[in-house]
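Each chain is listed here by its residues.
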Amino acid sequence: MNTASKLKQKSKRRRGMMGCAGDLIKYPHSAWQKEATVLNMNEHRTLYIHIPFCNARCSFCLFYFGKAASGQLDIYVDMLEKELEHSACKGKLGSVPVNAVYFGGGTPTDMTPEHFTRLLSRLKKSYNLTNDCEITIEGRVAGFSDDKIKACIDNGVNRFSIGVQTFDTALRRSFGRIADQGKTIDLLTRLHSYNQAAVTIDLLYGLPGQTLETWIEDQRIATEMVPLDGICHYSLGVPETVPLAKGIINGSSPAPPDENLCYEMYKAGEHYMKNIGAVCLSVKHYALTNRERNANNDISVHKNSCLPFGIKAGGRIGDYFFYQTGAFDKYCAMVKEGEKPIETARKVPADYRVCGILAGQISRNLGINVEKAAAVDEKHKGAIIESTKHFLREWLSERLLLEGLNGWLRFSSKGLFLHKKMATELFETIADVYYMN
Ligand code: SF4
């Protein structure tokens with residue numbers, strides 16, 4: 001069995017490009033307070049604000065929280081504003097530099113112009129946003145009106161990330177997206193016309209019913225018919241619990257493309273981007289103009305600190321991951337009491353630093369250099385290099401990796417396509433080194 005097949009079969013997932021487990025701790029609030037006082041001025045960090053509600057569910061989505069009841073979004077924004085204000089007074093949270101702010105969801109673009117104005121003003125008043133702070137609003141096409149866009153831009157938003165997924169109207173409708181191709185192009189053109197913010201989109205490959213031709217047509221529309229600054233290519237996973245998975249099982253939805261076709265799509269997307277001179281910022285993200293930096297993702301994937309705000313938001317400061325409550329009433333009650341609405345926290349595992357450096361190498365498409373990453377931990381360096389050797393040899397022989405200069409191993413196209421699974425293998429092996437030593 002070759003590595004690609006073995007990786008596909010592996011089910012254990014303790015480590016990954018974005019996530020990693022750690023041991024639950026007993027006193028999350030004390031940990032938060034302690035870490036808030038020892039934040040490092042030099043570290044690059046992000047601030048994440050979660051807007052959990054969506055007006056409609058996309059059938060592939062694992063993160064759907066629910067539709068906001070009448071007046072619920074107003075209450076939520078009140079609470080968020082309070083949480084931002086209170087937290088800034090704790091330790092150094094209000095004084096350390098914040099390099100990127102991300103409004104994610106859910107659907108942040110369902111908020112009103114007043115909501116945007118209040119939250120963005122609070123951020124500027126209470127936090128030390130760097131001069132080059134990237135402020136991103138994530139959203140979808142339906143409902144993102146001009147008055148909302150204007151409120152964002154007037155209050156410092158400099159990046160919009162729109163989850164287009166595909167421009168194909170029939171495909172969009174098949175998974176629950178309301179806006180058609182014309183409306184999607186219209187929104188992106190309007191966002192660009194303000195000449196104030198980067199406009200970037202997500203495109204998905206691996207959608208049921210998608211063909212290589214529709215995927216390539218998505219690339220053409222994105223680069224020839226819309227004035228974009230950035231494009232992100234994501235592969236679609238279909239977990240068993242999402243409505244789409246049920247549709248595939250009962251035959252009401254076509255099966256998703258198999259792995260070979262997904263790889264063809266990946267290669268075609270990569271080839272298209274190279275040919276139009278797009279700059280590869282990460283293994284899946286391309287800049288089409290110099291306005292796009294992708295700073296939030298870049299800082300996050302290097303496993304730097306993230307200050308979490310809102311229901312179900314997760315983040316990390318210092319030695320702990322923090323997870324906020326997912327219950328609306330509990331969230332409101334805790335915020336009203338002036339408490340940080342943290343539900344649980346986990347201790348960052350010992351391998352986190354080395355794996356963070358490797359995740360940064362992989363994400364930036366630099367390749368893999370285990371020796372360089374392991375150099376930050378003299379004690380475990382030898383064991384890390386020894387234990388990962390056989391993977392690297394195997395991946396070289398299967399041409400997932402190619403020899404580069406100065407000890408770097410570069411990804412081939414197939415390697416890039418499989419980079420998440422390869423990273424998991426590598427990180428889990430390194431985690432074992434720490435468990436055993
Ligand atoms: S808009 Fe985003 S969060 Fe909401 S259901 Fe669709 S994919 Fe999920």
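Since this is a predicted model, take the numbers as computed values, not measurements.

Enquirer: Explanation requested: the packing of aromatic side chains in the structure shown.
Expert: Describing an aromatic ring pair means giving the distance of the ring centres and the angle of the ring planes. Applying the stated criterion across every chain, the model contains 17 aromatic pairs. Here Tyr320 and Phe322 contribute two aromatic rings whose centre-to-centre distance is 6.2 Å and whose plane-to-plane angle is 55°, an arrangement assigned as tilted. Overall, the relative accessible area of 0% leaves Phe322 in the buried class. Ring-pair connections join several aromatic residues into one group, and the members of that group are Phe53, Phe65, Tyr76, Phe328 and Tyr331. The side chain of Lys340 reaches across the aromatic face of Phe309, ending 3.9 Å from its centre.

Enquirer: Is there a simple way to think about helix α5 (residues 146-154) in this case?
Expert: Think of an α-helix as 3.6 residues a turn; residues three or four steps apart then line up on the same face. Listed in full, the buried residues belonging to α5 are Lys148, Ile149, Ala151, Cys152 and Ile153. Taken together, the buried residues of α5 touch α4 (113-126), β3 (128-139), β4 (159-165) and α7 (181-193). Phi for Gly156, located one or two positions after α5, is positive at around 95°.

Enquirer: So what exactly am I meant to see when it comes to the confidence of the model for the chain here?
Expert: In low-pLDDT regions, the fine details of the predicted coordinates are not to be read closely. Overall, the predicted model of the chain reaches an average pLDDT of 93, with 97% of residues at or above 70. What the predictor reports for the complex is a pTM of 0.93 with an ipTM of 0.99.

Enquirer: What am I meant to see in the packing of helix α3 (residues 72-88) against helix α12 (residues 328-336) here?
Expert: Axis angle and axis distance: for two packed helices, these are the angle between their axes and the distance between the axes, and together they describe the pair. Where α3 contacts α12, the axes come no closer than 9 Å and their chain directions differ by 40°. By the angle class used here, α3 and α12 are oblique. Viewed along their axes, α3 and α12 form a crossing whose handedness is left-handed. Seen from α3, the contacting residues are Gln72, Ile75, Tyr76, Met79, Leu80, Lys82, Glu83 and His86; seen from α12, they are Phe328, Tyr331, Cys332, Val335 and Lys336. Taken together, the residues that form the contact of α3 with α12 break down as eight nonpolar, two polar and three charged.

Enquirer: What's the story with unusual backbone geometry in this structure? I'm lost.
Expert: Along the chain, Gly105 connects to Gly106 via a cis peptide bond; the corresponding omega equals 15°. Following the sequence through the fold, Gly106 ends up in the loop between β2 (97-105) and α4. At Gln165, a residue that is not glycine, the phi angle is positive and equals roughly 70°. Looking at the element boundaries, Gln165 is found in strand β4. Judged by relative accessible area, Gln165 falls into the buried class, the value being 9%. The phi dihedral of Lys312 falls on the positive side, at around 65°, and the residue is not glycine. One can find Lys312 in the loop between β9 (305-309) and β10 (314-317).

Enquirer: So what exactly am I meant to see when it comes to the state of the cysteines here?
Expert: When the sulfur atoms of two cysteines share a covalent bond, that bond is a disulfide. Within this structure, the stated rule accounts for zero disulfides. Free of any disulfide, Cys262 has its nearest cysteine sulfur in Cys232, 16 Å distant.

Enquirer: Looking at this model, I keep getting lost on α4. Mind explaining?
Expert: Here α4 is 14 residues long and its end C-alpha atoms lie 20 Å apart, about the 20 Å a rise of 1.5 Å per residue gives. Within α4, burial applies to His115, Phe116, Leu119, Leu120, Arg122, Leu123 and Ser126. Burial along α4 is one-sided: seen end-on, the buried residues are contained in an arc of 155°. Taken together, the buried residues of α4 touch β1 (45-51), α3, β2, β3 and α5.

Enquirer: Help me understand the environment of Arg122 in this model?
Expert: Tracing the backbone through its elements, the reader meets Arg122 in helix α4. Among residues more than four places away in sequence, those in contact with Arg122 are Glu81, Leu84 and Glu85.

Enquirer: Can you walk me through the pattern of salt bridges in this structure?
Expert: Pairs can form between side chains of opposite charge whenever their charged atoms are close. For the structure on display, the rule yields 22 salt bridges. Residue Arg118 pairs with Asp78 through a salt bridge whose shortest N-O separation is 2.5 Å. Taken as a pair, Arg118 in helix α4 and Asp78 in helix α3 lie far apart in primary sequence, 40 residues in all. Judged by its relative accessible area of 23%, Arg118 is partly exposed. Asp132 is paired through a salt bridge with Arg293; the nearest N and O atoms lie 4.0 Å apart. Taken together, the residues span a long stretch of sequence, with Asp132 in strand β3 and Arg293 in the loop between β8 (285-287) and α11 (295-301) at a distance of 161 residues. The class for Asp132 is partly exposed, based on a relative accessible area of 47%. Members of the salt-bridge network, linked through shared partners, are Asp78, Glu81, Glu114 and Arg118.

Enquirer: Got a minute to help me understand the side chain of Gln324 in this structure?
Expert: Looking at the element boundaries, Gln324 is found in strand β11 (residues 320-324). Assessed through its relative accessible area of 5%, Gln324 is described here as buried. Within the structure, the side chain of Gln324 is placed 3.0 Å from the side chain of Glu83, a separation counted as a polar contact. Among residues more than four places away in sequence, those in contact with Gln324 are Glu83, Pro308, Phe309, Gly310, Lys312, Ala313, Tyr331, Lys340, Pro341, Ile342 and Glu343.

Rules of the game
- Residues numbered from 1 in each chain as written.
- Predicted model: local features only at pLDDT ≥ 70, side-chain atom pairs only at ≥ 80, totals over all residues.
- Heavy atoms only, no water.
- Phe/Tyr/Trp six-rings, centres within 6.5 Å; stacked < 30°, edge-to-face > 60°.
- Buried < 20%, exposed > 50% of the residue type's maximum accessible area, 1.4 Å probe, protein only.
- Lys NZ or Arg CZ within 6 Å of the ring centre and 35° of its normal.
- Helix = DSSP H or I, 4+ residues; strand = E, 2+ residues; numbered from the N terminus.
- Contact = heavy atoms within 4.5 Å.
- pLDDT = per-residue confidence, 0-100.
- Axes fitted to C-alpha atoms, helices over the stretch in contact; angles between N-to-C directions.
- Parallel < 35°, antiparallel > 145°, perpendicular 65-115°, else oblique.
- Left-handed = near helix turned anticlockwise from the far one by under 90°.
- Nonpolar A, V, L, I, M, F, W, Y, C, P; charged D, E, K, R; others polar.
- Disulfide = S-S within 2.5 Å.
- Expected span 1.5 Å × (residues − 1).
- Arc of directions from axis to C-beta.
- Salt bridge = Lys/Arg side-chain N within 4 Å of Asp/Glu carboxyl O.
- Polar contact = N/O pair within 3.5 Å; in protein donor to acceptor, adjacent residues only side chain to side chain.

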